[in-house]
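# Report on the structure
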Amino acid sequence: MLAYLIRRLGQSFLVMAVMATIVFFGLYMVGNPIDLLINPEDDLAAQEEAIRRLGLDQPVYIQFLQFLKGVATGNLGVSFVHNTPALELILSRLPATLELAFFAMLFAVLIGIPLGMFAGLYPKSPGSRIIMGGSIIGFSTPNFWQGLMLIMLFAVFWRVLPSGGRGETTELFGVPVSFLTLDGLKHLILPALNLAIFKISLVIRLSRAGTAEVSLQDYVKYARARGLSEKRVVGVHILKNILIPVVTVLGLELGNVIAFAVVTETVFAWPGIGKLLIDSIGLLDRPVVVAYMMLTVFMFVMINFFVDMAYSMLDPRIRIKAGKA
Amino acid sequence: MTAPVLSVRNLVTEFDTRAGTLRAVNNVSFDVQPGEVLGIVGESGSGKTITGFSIMQLLDQPGKVKSGEILLNGKDLNKEDSRELRKLRGDRIAMIFQDPMMTLNPVLRIDTQMIETIQAHRNVSKAEARQIAEDALAQVGIPSPAERLKTYPHEMSGGMRQRVVIAIALMLEPDLIIADEPTTALDVTIQSQILYEMQRLLSDRNMGLIWITHDLTVVAGLAHKVAVMYAGRIVEYGSVNELLDAPAHPYTRGLIDSIPSNASHGKRLTQIPGMTPSLLNLGDGCPFRPRCSKATDACAVDPDEHTLSEGHWVRCHNPVLEAKG
């Protein structure tokens, strides 16, 4: 188990290093941040002073070496634009995104699994057809359009929910969160739902396929033959068997939801890291983009790791194999 | 004579498929007395398993009991609602499935599955239920039952799992057990162990047992009465001694002759020519006619039951009357 853990960590460091290199040089090729950062009305000496301060007067490989030196000491660079450490900047925006992602996943599970199981248990009912049709729409329409539609329906047409922003926040363990106030919660619902639509559709499909397959197994029939209630048969015997693929996919998707909440955050003006990334790319704020990417990779690695742990909790057969390996 | 535990009268079970209506069980009647073992014998597709599931009211779609009565202690199961059936299943009427590898839910521990069964029918605490489960495992010859309870199904061998399933069936002292080829998936030594165990357990209990099998040798050692099924109907019925010593139906005779024995050593094995007919196009007359060596023109008309002696009847125009020799 320990060997597995160390190997896993080593792999993730390698991935992070490669990622950082690619992003660093990639952004260097996209454009020169000087053009955007320097005030052209300043005199030449002031301009040169600014360029030197940002380290942009050096050749690119020197810049890269300096970046590596910084990484080794835990410093991912200072934002060109905000003049604060990039990592600090991202971490200050992270709670908003995490909150959004958490609620999106919650929606995906709480809405997706019951609907999917219903469609799997009663494949021919009209309800199932509506659910499956809905999931196709959820899959295939672009996310920004879904967001705009949500705003149009709930914010413009019915005027029940606000269209953007984070609303009132309160501090929870020193971190500002929205979901503890009524106003914040109202602001949270639409973006979280928008971020969740795709995941809900995915979970519906997975749970439906799983339920349809598991329902035919002998052990489900046997559970009924033992006189168990339908609630117990569906809620324990079937549910526990379909959770493995759902947890796998949701685990991978959790990373996606956090890392690529960009569209939703832009549409709903949600002040999270996705919006920060878009702004930073627009301004060629290289330290922020690189730090963001490295953080994202780290997050994916950690999530995959926890998904593996969750498997063994769900499926005793995997537990045994892992113990022997 | 005491009242039978189970009394099946003119049972008809049909499957409405796209290709037409399939009559899997055709006008089947039999009784099971308390303490009596009824063996239902037949080839694959003869309707024996469907008869079992019809009694349990657990037919898969699109199977349906069309007509007839299934009286369990005088109560017609066809007329009970699903709530009442749930209460009866596992409590008054238990079932043992064919493949022990597929019967127990792979992701739930043995104790979970036993305790949930007990608690579905008895108002007992978890600790009491655990004690009942432990005693039941000990009774079927499972060593150190308290530890075995905490294992998962995949940690046990096939024979052990079938013992667990038998323990679950016996645990609540039902009036009737339906065993659907419970030893078919096991190797011979385990099979004889399980059969021995069954005989031992039945001797001191007054429960009825239906043993569904294709194996006449198993029936010979275990059953009191035998019903031979062919193409959805019982073609011969009688006590085990009479039926095996003087099989009257050409099909029964064929089944017995197909068993390799010492007497046939060195000779070519006898077999019944042809295959089980498709239930979709049986046509009129005796369904065994095309494969029967004794078929005459009279066989174009469906034969009635001919009583040969008290409690021994055959559905054939030309029964084999000389004793087997």
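Just so you know, these numbers come straight off a predicted model, no measurement behind them.

We now examine the overall build of chain B. Looking only at helices and strands, chain B features 11 helices and 12 strands. For chain B, whose C-alpha radius of gyration is 21 Å, the value lies close to the compact-globule estimate of 20 Å for 325 residues. Its C-alpha atoms give chain B principal-axis dimensions of roughly 65 × 50 × 45 Å. For chain B, the residues scored as buried account for 51% of the 325 residues in total. Pairs at least 24 residues apart make up 66% of the contacts formed inside chain B by residues separated by at least 6 positions.

Residues and elements named next belong to chain A. Domain boundaries in chain A define domain 1 (2-72) and domain 2 (86-324). Computed from C-alpha atoms alone, the centre-to-centre distance between domain 1 and domain 2 is 33 Å. In this complex, domain 1 contributes 21 residues to the contact, which on the side of domain 2 involves 14 residues. Both sides of the domain 1 and domain 2 interface together cover about 1,700 Å² of buried area, and 81% of this is carbon and sulfur.

Glancing now at unusual backbone geometry. The omega angle of the peptide bond from B:Gln61 to B:Pro62 is -5°, so this bond is cis rather than trans. Along the chain, the position of B:Pro62 falls in the loop between helix H1 (48-56) and strand S4 (63-72). A positive phi is found at A:Ala269, a non-glycine position, where the angle reads about 50°. Topologically, A:Ala269 is positioned in the loop between helix H11 (262-267) and helix H12 (273-282). Phi at A:Leu284 is positive, roughly 55°, even though this residue is not glycine. Residue placement: A:Leu284 occurs in the loop between H12 and helix H13 (286-314).

What counts and how
- Residues numbered from 1 in each chain as written.
- Chains lettered and ligands numbered in written order.
- Predicted model: local features only at pLDDT ≥ 70, side-chain atom pairs only at ≥ 80, totals over all residues.
- Heavy atoms only, no water.
- Helix = DSSP H or I, 4+ residues; strand = E, 2+ residues; numbered from the N terminus.
- Rg over C-alpha atoms; globule rule 2.2 N^0.38 Å.
- Buried < 20%, exposed > 50% of the residue type's maximum accessible area, 1.4 Å probe, protein only.
- Contact = heavy atoms within 4.5 Å.
- Domains from an automatic or database assignment.
- Buried area = accessible area lost by both parts, 1.4 Å probe.

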